Every structure is written in C-alpha cells, then in structure tokens.
Amino acid sequence: MTRYGQQFGPDFTFLGVPMCDLENPQSYAGADVVIVGAPFDGGASHRSGTRFGPMAIRGTDYLPHDGSRPSLALRTDALRDLVVVDAGDVEMPPGDIEKALGGLEAAVTKIVAAGAIPVVLGGDHSIAFPDAKGCANVLGHGKVSMIHFDAHADTGDITFGSLWGHGQPMRRLIESGALRADRFLQVGLRGYWPEPETLDWMAEQRMRSYEMTEIVHRGLADCLTEAFAIATDDCDGVFLSVDIDVCDPGHAPGTGTPEPGGLTARELLDSVRRICLELPVVGIDVVEVSPPYDHADITAALANRVVLEALSAIARRRLDDREGTRWDPSRPLLDRPAAYPNDEGDHS
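No experiment lies behind these values; they were computed from the predicted model shown.

A. Structural context of the overall build of the protein chain. If you tally the helices and strands in the protein chain, you get 10 helices and 8 strands. The C-alpha radius of gyration of the protein chain comes to 19 Å, within 12% of the 20 Å expected for a compact globule of 348 residues. Along the longest, intermediate and shortest principal axes, the C-alpha atoms of the protein chain span 60 × 45 × 40 Å. Residue pairs in contact within the protein chain that sit at least 24 positions apart in sequence constitute 74% of those at least 6 positions apart. As displayed, the protein chain offers around 14300 Å² of accessible surface, 53% of which is attributable to carbon and sulfur atoms. Counting 30 positive and 53 negative side-chain charges, the protein chain places the averaged centre of each group 4 Å from the other.

See below:
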C-alpha cells in the first residue's frame, strides 16, 4: 500500500522533505536549507505552549506531505528547486534555559558552517538569540543585520531576575556584539510595552523600530523599502525573525502575548516574500506559535505559509539570478513565466 506521505508519521518532517541528522554531516551536505525545530517555551512570560509549535508548523497543511509545493505566484517549487532537509528538533531541556539555548546555537552554527540557510521553527522568542548568533558565529559578528517582525520589541533587560526570556533576546544579541544595533530593524510594534526606559535604551543604540502608527501613516511598503536600505548597508546577510504575534490576534490567535491592531496575514506573507526576494537572507526563525491557544489551526497554518513563502521567494531569487530574469508581480497568473520542472514558458 502506497503511503500518503509523512503527514501521519512515523517520519514526520516539514511537509515530507527528507530527514537529516546534524551529527552526520553527509546527510545534509549540499543542502540549501536545513529546517530545525526548537520546542522550547521556558522563556515565556505569559501563555506557554510554544514548545508544541515546531510540529504544528511542520504539519498544518491540507495537501499531501509529499515534499513538493509549487507556488502559484512565484512559479517555483521551493521544496524541489532547493535542497531542503529537516533535522528534527533540538533537545532543549525545559528547566535549563541557558543549556537549551546553547544547544540550539551549536546546531544553527553547524548548519550555517555547512553552507545552508537555517530555518528554525519555534518555540518562544528567546530562541532568536541562538538563531541569529549562530549565523553570526560563522558569517562574522557585526556582519549580519536583523529584520524583526513583532508586536513587541523584545529588548527588555532583566525579567523575573533573569537575563534570558522571550522579552530579552534582541538586547542580548546587541550586547553580545553578534548583531549591530544600528542594523536592527523592527516592524509591527504596538501596544503598551516596553516602558520608556527601554525605549530610551533602544534609541541610544540607534535601533530602528516601525510602530504600527507609522506603518499605517506611511504605508508598509515604504517602511520596508527604507528598512531594506539600512539592513544591507555594510552587512553581508540578513536574519529574518518572525514572531507570529506581529499579526492581529484575529489572524493569529494561537500565541502567548496577543496584541490587537497588528498586520494582516496577507501583509505578513507579502512582506516575507519581498524580503526573501530582494535581500540576502542567511537565516530565518518563526516563533511564538502556541497550539493550545490556537483556533482551527489558524495560527499554525499561517506560520507554515510564512516558511513556504520565504523558501519560495529564495528559490525565485536564485532562479532569477541564474537566468537573468526578474519576477513581475503585476503579470496575470496564466501569463507568468513558467519555472516548474518540465514546464514550458517564456522566461524573459
């Protein structure tokens, strides 16, 4: 009997892509992308449950988990046009945050050193520290910029007596020297945190944060264009960190710290696509999906599509670089250049 795919186990990977083992370099040699799970919510300050996020993001899809996803818009099949493998979940002990984050940093560093883009499925946002630092460990401290989608700045200092938590990773990254504060771009901030003292610290570091009022007034596209120019100035790569609570809770209810008034799902997907089409993305994480608080898998489905949108755009960028083409979003669906295997079409 032919299996439907990996959707129902036992070998459960992101939409059925091949497995790899980070202890066996040959299993991911030549990979373009290595997906890894970070099942950790020991840094959560309110609702927990994001330790169940990686498997929800991997599997929330109504299509066969057959390792193929042709993009209607981009005319690429990222899971086939790129070499994408899944390393499974990093072991992250729930009672020891420093050990947990250290293990994840080692895993991400190993992936980047092998020449692949790490895509980390969280987990709470405390994992952004090892994710981005793991990239910088290989590519150079100060040479990787950050584009950070979030309702919250995550630049707190000490919370509950600890330097580590999901409200502090961005401050820790800057203090470590791994990422430059003046190449740190935040999109979607809103609400009632952080307090003025933390905002003053952010301003002193020359961070650039786009609060929703500015985004609504200027337009998201204009803010992104400005952010892109900053992110690529004197940096060789961009790390993309997506906290799903950047979206309004109506679009992403299953998260630990929901804040009304955020981006729509469409705005987030369009932004992620544009970033991965236009910028040299070297690492990605998608965090704060909490399945116990989700409704009808709305949040997990959006997070799954954030990953697919990013990978499809990376595949399109590489295809355009190889063939000297340029993706045109204004062309009708049936008039777009074909890019699927064995498909015919005009690539001009």
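B. How the structure looks around the packing of aromatic side chains. Within the structure shown, the criterion is met by 0 aromatic pairs. The side chain of Arg-171 reaches across the aromatic face of Trp-201, ending 4.1 Å from its centre. A cation over an aromatic ring shows up here: Arg-208 above the ring of Tyr-210, its NZ or CZ 4.0 Å from the ring centre.

C. The arrangement of helix α8 (residues 220–231) in detail. Over its 12 residues, α8 runs 16 Å from end to end, which matches the ideal 16 Å to within 8%, given 1.5 Å per residue. Residues Leu-220, Cys-223, Leu-224, Ala-227, Phe-228 and Ala-231 constitute the buried set of α8. Buried positions in α8, seen along its axis, are confined to an arc of 140 degrees and lie on one side of it. Buried residues along α8 sit against β4 (144–149), β5 (184–189), β6 (208–211), α7 (212–218), β7 (237–243) and α9 (265–278).

D. Up close: the pattern of salt bridges. By the definition in use, this model includes 28 salt bridges. Arg-69 is the partner of Asp-61 in a salt bridge, and the nearest nitrogen-oxygen pair spans 3.1 Å. For the pair Asp-61 and Arg-69, one class covers both residues: buried. When the shortest N-O distance is used, the salt bridge between Asp-335 and Arg-331 registers 3.7 Å. The partly exposed category is assigned to Asp-335, whose relative accessible area is 42%. Within the structure, one salt-bridge network assembled from shared partners comprises Lys-143, Arg-180, Asp-182, Arg-183, Arg-206, Asp-233 and Asp-234.

E. How the structure looks around the packing of helix α3 (residues 97–113) against helix α4 (residues 128–139). Packing of α3 against α4 brings their axes to within 8 Å, and their N-to-C directions diverge by 40 degrees. Taken together, the axes of α3 and α4 lie oblique to each other. The handedness of the crossing between α3 and α4 is right-handed. Contacts between α3 and α4 pair Leu-101, Leu-104, Glu-105, Val-108, Thr-109, Val-112 and Ala-113 from the former with Phe-129, Pro-130, Asp-131, Lys-133, Gly-134, Cys-135, Asn-137, Val-138 and Leu-139 from the latter.

F. Region of the structure containing the sheet that holds strand β8 (residues 281–287). On the basis of which strands lie adjacent, the open sheet formed by 8 strands has the order β2-β1-β3-β8-β7-β4-β5-β6 and parallel pairing. Here the strands that pair on one side only, and so sit at the sheet edges, are β2 (84–89) and β6. Going across the sheet, the axis of each strand differs from the next one's by a mean of 15 degrees, ignoring polarity. Relative to strand β3 (residues 117–122), strand β1 (residues 33–38) is paired through 6 bridges, and the arrangement is parallel. Residue pairing across strands places Gly-37 opposite Leu-121, the latter belonging to β3.

Definitions and cut-offs
- Residues numbered from 1 in each chain as written.
- Predicted model: local features only at pLDDT ≥ 70, side-chain atom pairs only at ≥ 80, totals over all residues.
- Heavy atoms only, no water.
- Helix = DSSP H or I, 4+ residues; strand = E, 2+ residues; numbered from the N terminus.
- Rg over C-alpha atoms; globule rule 2.2 N^0.38 Å.
- Contact = heavy atoms within 4.5 Å.
- Areas by Shrake-Rupley, 256 points an atom, 1.4 Å probe, with all protein chains shown as cover.
- Lys, Arg positive; Asp, Glu negative; His and termini not counted.
- Charge placed at Lys NZ, Arg CZ, Asp CG, Glu CD.
- Phe/Tyr/Trp six-rings, centres within 6.5 Å; stacked < 30°, edge-to-face > 60°.
- Lys NZ or Arg CZ within 6 Å of the ring centre and 35° of its normal.
- Expected span 1.5 Å × (residues − 1).
- Buried < 20%, exposed > 50% of the residue type's maximum accessible area, 1.4 Å probe, protein only.
- Arc of directions from axis to C-beta.
- Salt bridge = Lys/Arg side-chain N within 4 Å of Asp/Glu carboxyl O.
- Axes fitted to C-alpha atoms, helices over the stretch in contact; angles between N-to-C directions.
- Parallel < 35°, antiparallel > 145°, perpendicular 65-115°, else oblique.
- Left-handed = near helix turned anticlockwise from the far one by under 90°.
- Pairing = 2+ DSSP bridges.

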